[in-house]
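Secondary and tertiary structure notes
Residue-level listing of the chains:
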Amino acid sequence: MDWRDKLNSLKSELPEGEDIPEVQQPQKVQKKEMLRVELDKRNGKPATIISGFEGTDDELKDLAKTLKVKCSSGGSSRDGEILIQGDFRKKVADILLELGYKVKRIM
């Protein structure tokens, strides 16, 4: 008797599972503020700047961390502004729209 046979014999002894209700996903709420996504040069290198954020410093840091992780890039956040290293305007705009923010892309 191998391990598969042992597991199958134990399977019949398990109690029946309960029905677990599905958890509903919260609806995306449109945020009030209009975030500006633009490209800037810092020390000769491209940087994506997200400005116009209205919220606490903790919320700003959380949003910055989310953007940095999804863009696989470094960056910083301070004074209502997020800096992402590299040209990620389109990707950042798509992520912010997905999160429910209004976005204005500046070319």
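Everything here concerns the structure above.
Residues numbered from 1 in each chain as written. Predicted model: local features only at pLDDT ≥ 70, side-chain atom pairs only at ≥ 80, totals over all residues. Heavy atoms only, no water.

Structural notes on the sheet that holds strand 3 (residues 75-78)
We count it as follows: The pairing criterion is simple: DSSP has to find at least two bridges between the two strands. The numbering of helices and of strands both runs from the N terminus, where a helix is a DSSP run of H or I of at least 4 residues and a strand a run of E of at least 2. Simply put, an axis is a line fit to the C-alpha atoms, just over the touching stretch for a helix, and the angle between two N-to-C directions goes from 0 to 180 degrees. A contact between two residues is defined here by any heavy atoms of the two lying within 4.5 Å.
Strands sit in the order 3-4-2-1-5 across an open sheet of five strands; the sheet is mixed. For this open sheet the edge positions go to strand 3 and strand 5 (102-105), each flanked by a neighbour on one side alone. The average undirected angle you get between the axes of adjacent strands in this sheet is 20 degrees. Bridge analysis of strand 2 (residues 45-51) against strand 4 (residues 81-85) gives four bridges, and the strand direction is antiparallel. Of the residues in strand 4, the one forming a bridge with I50 is I82. Contacts from helix 2 (residues 57-71) reach strand 1 (34-42), strand 2, strand 3 and strand 4 within the one sheet, and its direction differs from that of strand 4 by about 15 degrees.

Some points on the pairing of strand 4
Across four bridges, the pairing between strand 3 and strand 4 is antiparallel. Counterpart to G75 in the pairing with strand 4 is I84. Connecting strand 3 to the antiparallel partner strand 4 that follows it, the hairpin turn spans two residues, and D79 within it adopts a positive phi of roughly 50 degrees.

Here we look at the environment of G75
Note the following rule: Only protein chains enter the area calculation, which uses a 1.4 Å probe; residues under 20% of their type maximum are buried, those over 50% are exposed, and those in between are partly exposed.
Relative to the elements of secondary structure, G75 occurs in strand 3. Residue classification places G75 among the partly exposed positions, given a relative accessible area of 27%. Sequence-wise, G75 and A64 are eleven residues apart; in three dimensions their C-alpha atoms are separated by 7.8 Å. Residue contacts for G75: discarding those within four places in its chain leaves K68, L83, I84 and Q85.

Observations regarding the nonpolar core
Looking at soluble globular proteins, one finds that nonpolar side chains tend to be buried together. Cut-off, in case you're wondering: The criterion is simple. A nonpolar core is a set of buried Ala, Val, Leu, Ile, Met, Phe, Trp, Tyr and Cys residues joined through side-chain atoms within 4.5 Å.
Counting 15 residues, the largest nonpolar core has L35, I50, L63, L67, I82, V92 and L96 as the members making the most contacts within it. When residues of this core are traced back to their parent elements, those giving at least two are strand 1, helix 2, strand 4 and helix 3 (89-99). The biggest single contributor to this core is helix 2, with five residues. Those residues in contact with L63 that lie beyond four places of it in its chain are L35, F53, I82, L96, L99 and Y101.

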